Amino acid sequence: MEAAITILALLLVAFVALGVYATVKAVGAAKRGVDRTITQARRTVEDTTLRAKSFGQTGVAGELAQLRLALRTSMRATQDALHAGAAEDASLAESVALFRRLSEHGLELDDELKRLEREPDRATVSGLLPKLRERTQRITHSAESLRWAARDRARQFADDDLDALNAQIDIEAGALRHWTVEEPSQASGAAAPASTPGQGPGTDWPEPAASADSSAGNSSTADQAWSGPAREESPQAITAPDPRLRTTYPWQKSTRPETTN
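This text gives an overview of the structure that appears in the document. What you see is a predicted model; the values in this text were computed from it and never measured.

1. Notes on the environment of Arg153
Then, in step 1: One can find Arg153 in helix 4 (residues 122-176).
Then, in step 2: Arg153 sits in the partly exposed class, given a relative accessible area of 35%.
Then, in step 3: Separated by 64 residues in the primary sequence, Arg153 and Asp89 have C-alpha atoms spaced 9.5 Å apart.
Then, in step 4: In this structure Arg153 touches Asp89, Ser91 and Leu92, once residues within four positions along its chain are discounted.
Then, in step 5: A polar atom in the side chain of Arg153 sits 2.7 Å from the side chain of Ser91.

Now the structure itself:
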């Protein structure tokens, strides 16, 4: 009885622990989903604001907004391309690691541009714009190099796969059309008469055998002409059957001996 109570208590504790673990995991997943949604919404709002500033404002503020928008767009596109490719190609792990290091410089530059947007001294900010533009171009160029390299690699793999698939389809199509291929025996049989000596193009001399046959025929014709018609076989003499060898039957009468007078 005590053992059964102990087992039930352990099962209850296990079920409670499993329920708590599942609840914590579900809450964590929901929290991560909410954080991801908030981050995406904040990013969308920032991008929309930067796009509006780049088109609606002129001068230093508009230039800063354009730099930030170009930087964020390039980095996000590269991140999506590398993460999508790394899921199928393990060799992109090194590229992902390099992009993480590049992202640190990109985030640092984005924060600096964001601070300069609120800077009241526009003259100083205007003097910093050439260096900021150069840094932005270097980072975006590196990001674009990684992105296009990953895309070219994926495209090359797709082309190789397509070429192999086309080759297999051609082989299968040829196998399905097997009736259009001549059999080896038929091909050899068709080629045999063409390879018979004396029958090829440009052959005018008669065959030795044919000449022999014709000469034999001519000689036989000459013999018939000189010797006259062929002799018929002489008829065979009819031999009377031996009466002693005949088979006698019960209903037959015996032969009477001949008497001489």
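From this point on, the discussion continues.
2. Remarks on helix 4
Then, in step 1: With 55 residues, helix 4 should cover 81 Å at 1.5 Å per step; its first-to-last C-alpha distance of 76 Å lies within 8% of that length.
Then, in step 2: At Leu129, helix 4 is bent by approximately 40 degrees, the largest bend along its length, and proline Pro130 sits one to four residues beyond.
Then, in step 3: Those residues of helix 4 that sit buried are Val125, Leu129, Leu132, Thr136, Ile139, Thr140, Ala143, Leu146, Arg147 and Ala150.
Then, in step 4: The elements touched by buried residues of helix 4 are helix 2 (60-86) and helix 3 (93-117).

3. Quick look at the pattern of salt bridges
Then, in step 1: If you walk through the whole model with that rule in mind, you get seven salt bridges.
Then, in step 2: Arg135 serves as the salt-bridge partner of Glu112, at 2.9 Å between the closest nitrogen and oxygen. With a gap of 23 residues between them, Glu112 in helix 3 and Arg135 in helix 4 connect regions that are remote in the sequence.
Then, in step 3: Look at Glu112 and you get partly exposed, because its relative accessible area is 22%.

4. Let's talk about the nonpolar core
Then, in step 1: Formed by 20 residues in total, the largest nonpolar core has its most connected members in Leu64, Met75, Leu109, Leu113, Leu132 and Ile139.
Then, in step 2: Elements with a contribution of two residues or more to this core: helix 2, helix 3 and helix 4.
Then, in step 3: Broken down by element, the residue count for this core peaks at seven residues, all from helix 4.
Then, in step 4: Excluding residues within four positions of it along the chain, Leu132 makes contact with Leu64, Leu67, Leu109, Glu112, Leu113 and Leu116.

5. Considering the packing of aromatic side chains
Then, in step 1: Counted according to the given criterion, the structure contains zero aromatic pairs.
Then, in step 2: Residue placement shows Arg151 over the ring face of Trp148; its charged tip is 5.0 Å from the ring centre.

6. Section: the side chain of Thr140
Then, in step 1: Within the element layout of this structure, Thr140 appears in helix 4.
Then, in step 2: Classification of Thr140 by relative accessible area gives buried; the value is 12%.
Then, in step 3: Within the local environment of Thr140, its side chain forms a polar contact with the backbone oxygen of Thr136, the two atoms lying 2.8 Å apart.
Then, in step 4: Aside from chain neighbours lying at most four places away, what touches Thr140 is Ala70, Leu71 and Ser74.

7. Examining the packing of helix 2 against helix 3
Then, in step 1: With their axes 10 Å apart at the nearest point, helix 2 and helix 3 run at an angle of 160 degrees to one another. It follows that helix 2 is roughly antiparallel to helix 3 by the angle criterion. Pair helix 2 / helix 3 crosses with left-handed handedness. In this structure, helix 2 contributes Leu64, Ala65, Leu67, Arg68, Leu71, Arg72, Met75, Thr78, Gln79, Leu82, His83 and Ala86 to the contact, and helix 3 contributes Ser95, Val96, Phe99, Leu102, Ser103, Gly106, Leu109, Asp110, Leu113, Lys114, Leu116 and Glu117.

8. Some points on the side chain of Glu117
Then, in step 1: Along the polypeptide, Glu117 turns up in helix 3.
Then, in step 2: Once residues lying within four places of it in the same chain are set aside, the contact partners of Glu117 are Leu50, Lys53, Leu64, Ala65, Arg68 and Arg122.

9. So, the environment of Ser91
Then, in step 1: Among the structural elements, Ser91 can be located in the loop between helix 2 and helix 3.
Then, in step 2: Polar side-chain contacts of Ser91 include one of 2.6 Å to the side chain of Asp89.

Cut-offs applied
- Residues numbered from 1 in each chain as written.
- Predicted model: local features only at pLDDT ≥ 70, side-chain atom pairs only at ≥ 80, totals over all residues.
- Heavy atoms only, no water.
- Helix = DSSP H or I, 4+ residues; strand = E, 2+ residues; numbered from the N terminus.
- Buried < 20%, exposed > 50% of the residue type's maximum accessible area, 1.4 Å probe, protein only.
- Contact = heavy atoms within 4.5 Å.
- Polar contact = N/O pair within 3.5 Å; in protein donor to acceptor, adjacent residues only side chain to side chain.
- Expected span 1.5 Å × (residues − 1).
- Bend = angle between axes of the 7 residues up to and from the residue.
- Salt bridge = Lys/Arg side-chain N within 4 Å of Asp/Glu carboxyl O.
- Core = buried A, V, L, I, M, F, W, Y, C linked by side-chain atoms within 4.5 Å.
- Phe/Tyr/Trp six-rings, centres within 6.5 Å; stacked < 30°, edge-to-face > 60°.
- Lys NZ or Arg CZ within 6 Å of the ring centre and 35° of its normal.
- Axes fitted to C-alpha atoms, helices over the stretch in contact; angles between N-to-C directions.
- Parallel < 35°, antiparallel > 145°, perpendicular 65-115°, else oblique.
- Left-handed = near helix turned anticlockwise from the far one by under 90°.

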